[in-house]
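Analysis of the macromolecular model
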Amino acid sequence: MKRWQKIGLWIGGSVLTLLIVLPLLSPVVFSNETESGAIRHYLYEQGHPYQSYSAILDKRMLDPEYGRMYDVVWYDYDSETGMTPTICYSKKTAQQYSVSCGTGP
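For the structure given in this document, a descriptive report is provided here. (Residues numbered from 1 in each chain as written. Predicted model: local features only at pLDDT ≥ 70, side-chain atom pairs only at ≥ 80, totals over all residues. Heavy atoms only, no water.)

1. A look at helix α1 (residues 3–29)
Along α1, the sharpest change in direction is near 45° and occurs at Pro 23. Within the span of α1, buried status applies to Leu 22, Pro 23 and Ser 26. Contact partners of the buried residues in α1: α2 (35–45) and α3 (51–54). (Bend = angle between axes of the 7 residues up to and from the residue. Helix = DSSP H or I, 4+ residues; strand = E, 2+ residues; numbered from the N terminus. Buried < 20%, exposed > 50% of the residue type's maximum accessible area, 1.4 Å probe, protein only. Contact = heavy atoms within 4.5 Å.)

2. Description of a nonpolar patch on the surface
A surface patch of nonpolar side chains, amounting to about 620 Å² of accessible area, comprises Trp 4, Ile 7, Ile 11, Val 15, Leu 19 and Tyr 50. Take Ile 11: it is sitting in helix α1. By relative accessible area, Ile 11 is classed as exposed at 52%. (Patch = residues over 30% accessible without salt bridge, like charges linked within 9 Å, V, L, I, M, F, W, Y side chains within 5 Å. Areas by Shrake-Rupley, 256 points an atom, 1.4 Å probe, with all protein chains shown as cover. Salt bridge = Lys/Arg side-chain N within 4 Å of Asp/Glu carboxyl O.)

3. Quick look at the side chain of Gln 51
Tracing the chain through its elements places Gln 51 in helix α3. What makes Gln 51 buried here is its relative accessible area of 8%. Here Gln 51 is in contact with Leu 43, Trp 74, Tyr 75 and Tyr 77, once residues within four sequence places are set aside.

4. Considering the sheet that holds strand β1 (residues 56–63)
Taken in spatial order, the four strands make up an open sheet running β1-β2-β3-β4, and their pairing is antiparallel. Each end of this open sheet is capped by a strand with a single partner; those strands are β1 and β4 (96–102). Looking at each pair of strands side by side, their axes are set apart by 25° on average, direction ignored. As paired strands, β1 and strand β2 (residues 67–75) are joined by six bridges and run antiparallel to one another. From the neighbouring strand, Asp 63 faces β2, where its bridge partner is Gly 67. (Pairing = 2+ DSSP bridges. Axes fitted to C-alpha atoms, helices over the stretch in contact; angles between N-to-C directions.)

In structure tokens, the structure reads:
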């Protein structure tokens, strides 16, 4: 086998392994101990394990009542439009963050 074929097989195998392992690692990697981790964990719990990695989190303002606001853009394959801009609030309660999300106005 040629050298480039071996390199291609290794890279392809590595990408395939990564795609299989990512959903299994989501509960370990994303916990409710950080704000962004809590939002990504929320997406994972909603049944979107790959989107929890690829979501774009844009930190906005801090509201004393609701917590820190994030604009979250991610691909929702269940939605008719696909791209789903979401507004999430992450507030610290006890020793972890609670998240409430919804679509904007």
